[in-house]
Amino acid sequence: SIHVGLQAPDSVVRRLMATPDYRDAVETQPYQPGSVLHGGRRRESLEAFTRVLRENGHAFGSVRLESSIDSLRNLAMLDFQLIPGPFVRVGEIQVSGNASVSQAYIIRQSGIENGEPFRLSNLERARETLASHPLVEGSAIEVSESSSGQAVDLRIVVRERPLRSIEVTGGVGTEDILRIRSVWQHRNVNGRAHLVSAAARVSFIEQQLSGEYFIPYVFNNRSSYVFTPFVEHVFGPRKAYEIFRGGFRHSVIHRASAAFNSTFTHEISRNQQLDGRREIRLPDSLRNYNVSAFSVTANYSQGIGEGQGWEAAALAEISSPFGLTPYRYFKARANLSRYASLDSRHSVSARIQAGGIVQVDGDSLPPNIRFYTGGTQTVRGWGRQVLGPKRAVFVADSVLGPQFDRYVPLGGRMVFAASVEARRDLTGLRVADLGAAAFIDAGQVWNSFDDLKRRPVRFALGFGIRYRSPIGPVQLDLAWKVNPSDQDLNRYQGVDYGSPWNRFGLHLRIGGVR
């Protein structure tokens, strides 16, 4: 049997027993009637009830656990005694370690206010908020009893990052060949902890220059604003097209918790689209266009760093209604990932992605709005963004006339991709951080609901190697197309222009660039 007692006045007992924290602790603490009495769970049970006290104003409360054993019936009687102590509020708040910002700024960013009831979760939330601040490298909050005994004094200890820094990261892979990103940051440009940065990203498929002005406190300590001007040059898959674009984004970010955040963004850009073969000139309506859109994104991540958890992301985007773009559309996309460790050497992961575009008028959308799939991070039997509908490309021959050259992807208005991957640690080979993976991927891109019947989901099977090297993660995958189309195998009008390698997808990625 289990008994929980409170050594406090009746008013305090009634208040604590009415809280959801108390009921949750009673129902979820490890020692439940009928369970096996395990000594290793004692600390967890005591912490559960101690948290009840410290979450409800009793910063110095304590919990005792007494037990008696009936050896004849193999039963244990447990008696938890909660001793709340005085109800306290937050008293004096001090700050140390702040070198370039004021004490008042750190206190405001923490969200803790003088005189509020003491709550352990408020301290935890303050540490999370400070840890996410670009100026703060680390933080801690020390608690001490005030001289009156009716309040707790807090000391917020912060460690600031260098005011200026330059970071260069890079990697190589089969898709972008080489990628390099360089970022310069000034973390306290005006004494108010605003951040100014400039970034350059270069690869064989994308080149981008961008700036950023970041205000970490807007409506409250969990909301921020960022202004981002940018220019970029992007090659489409198989160089089907290339786009030069420049513009800016306004974003308001809200961090509801360490696990969940959302962003509201407005982007406007000027775009110039060229055909992959520069001798072909597109009509002006396709070559130059503006894109203006509002979007909301939501991201959730829980337990990923521990090797077991969930990740989810969702996007809703709508073109600007103010006549700033010729395209009127609504776009939505969702991603869900699950990671699970089976034991110390085996793990499994699964992910699924789906999205769709509803176009209000017209029947054409620029390629940087359409959906694509295929590649290292999606369906690995196919190359970068080449799974889905395609068009044939021809080259001129003075004698024979136009000759088939290759297929290039068109993208679409609906996308689906999914993957399941099993991994095994290969520490037995005496190589640290080495693992093997086996996977099955699936996906497709469609232009309309009518295409769902004509264009089946494509599958790929494969295996790979994973290695956590000193220079970054290494991923090597070889995948086999289970049910490719003639276009995937480079066949045109019954003639095979491909090779046996068209049945396979080989992907290598070393290092990472955020």
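Before reading on, note that the structure itself is shown above.
Since the model is a prediction, treat every value here as computed from it, not as a measurement. (Residues numbered from 1 in each chain as written. Predicted model: local features only at pLDDT ≥ 70, side-chain atom pairs only at ≥ 80, totals over all residues. Heavy atoms only, no water.)

Enquirer: What exactly am I supposed to notice about the packing of aromatic side chains here?
Expert: The geometry of an aromatic ring pair is captured by two quantities: the separation of the ring centres and the angle between the planes. In the structure shown here, the tally under the stated rule is 12 aromatic pairs. Ring centres 5.4 Å apart and planes at 75° place the aromatic pair Phe394 and Tyr492 in the edge-to-face group. Residue Phe394 is located in strand E18 (residues 390-395), and its partner Tyr492 is located in strand E24 (residues 491-492); the two are separated by 98 residues in the primary sequence. Residue class for Phe394 comes out partly exposed when judged on its relative accessible area of 30%. Aromatic ring contacts, followed pair by pair, group Phe394, Phe404, Tyr407, Tyr492 and Tyr497 into a single cluster. When the ring centre of Trp382 is taken as origin, the NZ or CZ atom of Lys481, which lies over that ring, is 5.4 Å away. (Phe/Tyr/Trp six-rings, centres within 6.5 Å; stacked < 30°, edge-to-face > 60°. Helix = DSSP H or I, 4+ residues; strand = E, 2+ residues; numbered from the N terminus. Buried < 20%, exposed > 50% of the residue type's maximum accessible area, 1.4 Å probe, protein only. Lys NZ or Arg CZ within 6 Å of the ring centre and 35° of its normal.)

Enquirer: Is there a simple way to think about the sheet that holds strand E1 (residues 2-6) in this case?
Expert: Strands in a sheet are paired, the pairing made by backbone hydrogen bonds, and the direction either parallel or antiparallel. If you walk across this open sheet you meet the three strands as E1-E3-E2, and the pairing is mixed. One side of each edge strand has no neighbouring strand; the edge strands of this open sheet are E1 and strand E2 (62-70). Taking each pair of neighbouring strands and ignoring which way they run, the sheet shows an average axis angle of 15°. Sheet analysis places E2 next to strand E3 (residues 75-83), joined by nine bridges and oriented antiparallel. Residue Ser67 lies in a different strand from E3, and its bridge partner there is Leu78. Relative to E2, helix H3 (residues 42-54) is tilted by about 140°, and along the sheet it contacts E1, E2 and E3. (Pairing = 2+ DSSP bridges. Axes fitted to C-alpha atoms, helices over the stretch in contact; angles between N-to-C directions. Contact = heavy atoms within 4.5 Å.)

Enquirer: Is there a simple way to explain the environment of Glu317 in this structure?
Expert: Mapped onto the secondary structure, Glu317 falls in strand E15 (residues 309-319). A residue is classified by how much of its surface remains accessible, and Glu317, at 17% relative accessible area, is buried. In this structure, the C-alpha to C-alpha distance between Glu317 and Ser295, residues 22 residues apart in sequence, is 4.1 Å. With near-sequence residues (within four places) excluded, Glu317 lies in contact with Ala293, Phe294, Ser295, Tyr329, Phe330 and Lys331. A distance of 2.6 Å separates a polar atom in the side chain of Glu317 from a polar atom in the side chain of Tyr329. (Polar contact = N/O pair within 3.5 Å; in protein donor to acceptor, adjacent residues only side chain to side chain.)

Enquirer: In this structure, what is going on with the pattern of salt bridges? I would like to understand it.
Expert: Proximity of charged atoms lets side chains of opposite charge pair with each other. Applying the stated criterion across every chain, the model contains 21 salt bridges. Asp486 serves as the salt-bridge partner of Arg491, at 3.5 Å between the closest nitrogen and oxygen. Overall, the relative accessible area of 34% leaves Arg491 in the partly exposed class. We classify Asp486 as partly exposed; its relative accessible area is 46%. A network of salt bridges, in which partner residues are shared, links Arg380, Glu421, Arg423, Asp441, Arg466 and Asp477. (Salt bridge = Lys/Arg side-chain N within 4 Å of Asp/Glu carboxyl O.)

Enquirer: Looking at this structure, how should I read the sheet that holds strand E6 (residues 151-160)?
Expert: If you trace the three strands from one edge of the open sheet to the other, you get E4-E6-E5, paired in mixed fashion. Looking at the sheet topology across the chains shown, the edges are occupied by strand E4 (89-96) and strand E5 (136-145). Across the sheet, the mean angle separating the axes of adjacent strands is 20° when strand polarity is ignored. Note that E5 and E6 share nine bridges and pair antiparallel. Following the sheet pairing, Val136 is matched in E6 by Glu160. Across the sheet, helix H4 (residues 103-110) touches E4 and E6, and the angle it forms with E4 is around 130°. Helix-sheet contacts for helix H5 (residues 120-131) involve E5 and E6, and the interaxial angle to E5 is about 160°.

Enquirer: Teacher, can you tell me more about the packing of helix H2 (residues 20-28) against H3 here?
Expert: Relative to each other, H2 and H3 sit at 175°, their axes nearing to 9 Å. Here H2 lies roughly antiparallel to H3, going by the angle between them. On the side of H2, the interface is formed by Asp21, Tyr22, Ala25 and Val26, while H3 contributes Ala48, Phe49 and Val52. Grouping the constituent residues of the contact of H2 with H3 by class yields six nonpolar, no polar and one charged. (Parallel < 35°, antiparallel > 145°, perpendicular 65-115°, else oblique. Nonpolar A, V, L, I, M, F, W, Y, C, P; charged D, E, K, R; others polar.)

Enquirer: I tried to follow the nonpolar core on my own but got confused; where do I start?
Expert: Soluble globular proteins: nonpolar side chains tend toward being buried together. The biggest cluster of nonpolar side chains holds 21 residues, and the ones touching the most others in it are Ile106, Ile112, Ile141, Leu154 and Ile156. With four residues, the top contributor of residues to this core is E6. Ignoring sequence-local partners within four residues, the contact set of Ile106 consists of Val95, Asn98, Val101, Leu130, Ile156 and Val158. Of all hydrophobic cores here, the second largest spans 17 residues; its members include Tyr241, Ile369, Phe371 and Val408. (Core = buried A, V, L, I, M, F, W, Y, C linked by side-chain atoms within 4.5 Å.)

Enquirer: What am I meant to see in the packing of H4 against H5 here?
Expert: Helix packing geometry: the angle between the two helix axes and the distance between the axes. Where H4 contacts H5, the two axes come as close as 8 Å, and the packing angle between them is 115°. Residues Ile106, Gln109 and Ser110 of H4 lie in contact with H5, whose contacting residues are Ala126, Thr129 and Leu130. Partitioning the contact of H4 with H5 into residue classes produces three nonpolar, three polar and no charged.

Enquirer: Honestly, a nonpolar patch on the surface in this entry has me stumped. Any pointers?
Expert: On the surface, a cluster of nonpolar side chains totalling about 740 Å² of accessible area is made up of Ile166, Val168, Val172, Ile177, Leu178, Ile180, Trp184 and Phe204. Contributions of two or more residues to the nonpolar patch are made by strand E7 (164-173) and strand E8 (177-186). Top contributing element to the nonpolar patch by residue count: E8, with four residues. In this structure, Phe204 sits in the loop between strand E9 (195-203) and strand E10 (206-215). (Patch = residues over 30% accessible without salt bridge, like charges linked within 9 Å, V, L, I, M, F, W, Y side chains within 5 Å. Areas by Shrake-Rupley, 256 points an atom, 1.4 Å probe, with all protein chains shown as cover.)

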